[in-house]
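The primary structure of each chain is shown beneath.
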Amino acid sequence: EDKVVQSPLSLVVHEGDTVTLNCSYEVTNFRSLLWYKQEKKAPTFLFMLTSSGIEKKSGRLSSILDKKELFSILNITATQTGDSAIYLCAVLYTNAGKSTFGDGTTLTVKP
Amino acid sequence: ETGVTQSPTHLIKTRGQQVTLRCSSQSGHNTVSWYQQALGQGPQFIFQYYREEENGRGNFPPRFSGLQFPNYSSELNVNALELDDSALYLCASSLGNSGRNTQYFGPGTRLTVL
């Protein structure tokens, strides 16, 4: 059975800290891995990763994929209270209309 | 704002009833996926529609059914509602179904089954 596992389940940090969120996967027909931020309802897209070793960056957020070891990390530097959210990763499949999400990491950033 | 809209925002039903949820995809997107998100869990894939055809299905019973219209908007129908169907229902639209295309989510419909 396909699995996407995120760790840690929750994390509490203070503003200015750097955090690393993990996503490991065991799936067949892997095509890409996506990261989302979910604050209230709709997950908002952060990154799509398809190739190993290529870091994607957006401001203080960055992410990288390791297709050999089957994991991805999401880094957030200089955290702010507005980064408090649930961070979800999801795997998309090759030519298959399905996706598998992890259960998310709940990040709380305290002032 | 992703351009994906869902209606209604909230809904309360009783066990055994039927419900229809609606999703309008982002302009130009021909693929809609539906997800169920229970409290404290990640979204669970229900099914995907690509160009009006079901293109993949997760582990949900047949009482979960869907439809996609020529304008690529979509409906999710759930029959014989059970208490465990209470959840946030999300739809996501994308251009194509190859797994290369980012999915953009709507704001969701919160369904409560009493």
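No experiment lies behind these values; they were computed from the predicted model shown.

*Asks:* What am I meant to see in the pairing of strand E5 (residues 44–50) of chain B here?
*Replies:* Sheet faces and side chains relate simply in a regular strand, where the side chains alternate between the two faces. All names here are of chain B. The element E5 is extensively covered by neighbouring structure, given that five of its seven residues are classed as buried. Pairing between strand E4 (residues 31–37) and E5: six bridges, direction antiparallel. In the sheet register, Tyr-35 faces E5, and the bridge partner there is Phe-45. Joining the antiparallel neighbours E4 and E5 is a turn of six residues, in which Gly-40 adopts a positive phi near 80°. One ladder, built from four bridges, connects E5 with strand E6 (residues 53–57); its direction is antiparallel. Paired with Tyr-50 across the bridge in E6 is Glu-53. Counting the residues between successive antiparallel strands, the hairpin from E5 to E6 contains two residues, one of them, Arg-51, with a positive phi of roughly 50°.

*Asks:* Would you take a moment to explain the nonpolar core for this structure?
*Replies:* Soluble globular proteins: nonpolar side chains tend toward being buried together. Core analysis: the largest hydrophobic core is formed by 23 residues, its most contacted members being Tyr25(A), Phe30(A), Leu33(A), Trp35(A), Tyr87(A), Val91(A) and Leu107(A). At the level of elements, strand E3 (19–26), strand E4 (30–38), strand E5 (44–49), strand E7 (61–66), strand E8 (71–76), strand E9 (85–93) and strand E11 (105–110) of chain A are the ones that each hand at least two residues to this core. When residues of this core are assigned to their parent elements, the largest contribution, five residues, is made by E9(A). In this structure Tyr87(A) touches Gln6(A), Leu21(A), Tyr36(A), Lys37(A), Leu46(A), Leu74(A), Ile76(A), Gly104(A), Thr105(A) and Leu107(A), once residues within four positions along its chain are discounted. Cys23(B), Ile46(B), Leu76(B) and Val78(B) belong to the second largest nonpolar core, which has 20 residues in total.

*Asks:* Just checking my understanding: could you explain the interface of chain B and chain A for this structure?
*Replies:* It is common to give the size of an interface as the accessible area that goes away when the parts come together. If you look at the interface, chain B gives 27 residues, while chain A gives 22 residues. Across the chain B to chain A interface the summed buried area is about 1800 Å²; carbon plus sulfur atoms make up 52%. Put simply, chain B and chain A have four residue pairs in polar contact (both at pLDDT 80 or more) between them. At the level of elements, E4, E5, E6, strand E9 (87–94) and strand E10 (104–105) of chain B are the ones that each hand at least two residues to the side of chain B that touches chain A. The element best represented in the side of chain B that touches chain A is E5(B), accounting for three residues. Here the residues of the side of chain B that touches chain A sort into eight nonpolar, 18 polar and one charged.

*Asks:* Would you take a moment to explain the sheet that holds strand E8 (residues 74–78) of chain B for this structure?
*Replies:* Backbone-to-backbone hydrogen bonds pair the strands of a sheet. The strands run either parallel or antiparallel. All names here are of chain B. The strand order E1-E3-E8-E7 describes an open sheet built from four strands, whose pairing is antiparallel. Of all strands in the sheet, those with a lone pairing partner are strand E1 (5–7) and strand E7 (64–68), marking the two edges. Put simply, the sheet's adjacent strands are angled 20° from each other on average, direction ignored. Relative to E8, E7 runs antiparallel, the two being bridged by five bridges. In the sheet register, Leu-67 faces E8, and the bridge partner there is Glu-75.

Quick notes on the rules
Residues numbered from 1 in each chain as written. Chains lettered and ligands numbered in written order. Predicted model: local features only at pLDDT ≥ 70, side-chain atom pairs only at ≥ 80, totals over all residues. Heavy atoms only, no water. Buried < 20%, exposed > 50% of the residue type's maximum accessible area, 1.4 Å probe, protein only. Helix = DSSP H or I, 4+ residues; strand = E, 2+ residues; numbered from the N terminus. Pairing = 2+ DSSP bridges. Core = buried A, V, L, I, M, F, W, Y, C linked by side-chain atoms within 4.5 Å. Contact = heavy atoms within 4.5 Å. Buried area = accessible area lost by both parts, 1.4 Å probe. Polar contact = N/O pair within 3.5 Å; in protein donor to acceptor, adjacent residues only side chain to side chain. Nonpolar A, V, L, I, M, F, W, Y, C, P; charged D, E, K, R; others polar. Axes fitted to C-alpha atoms, helices over the stretch in contact; angles between N-to-C directions.

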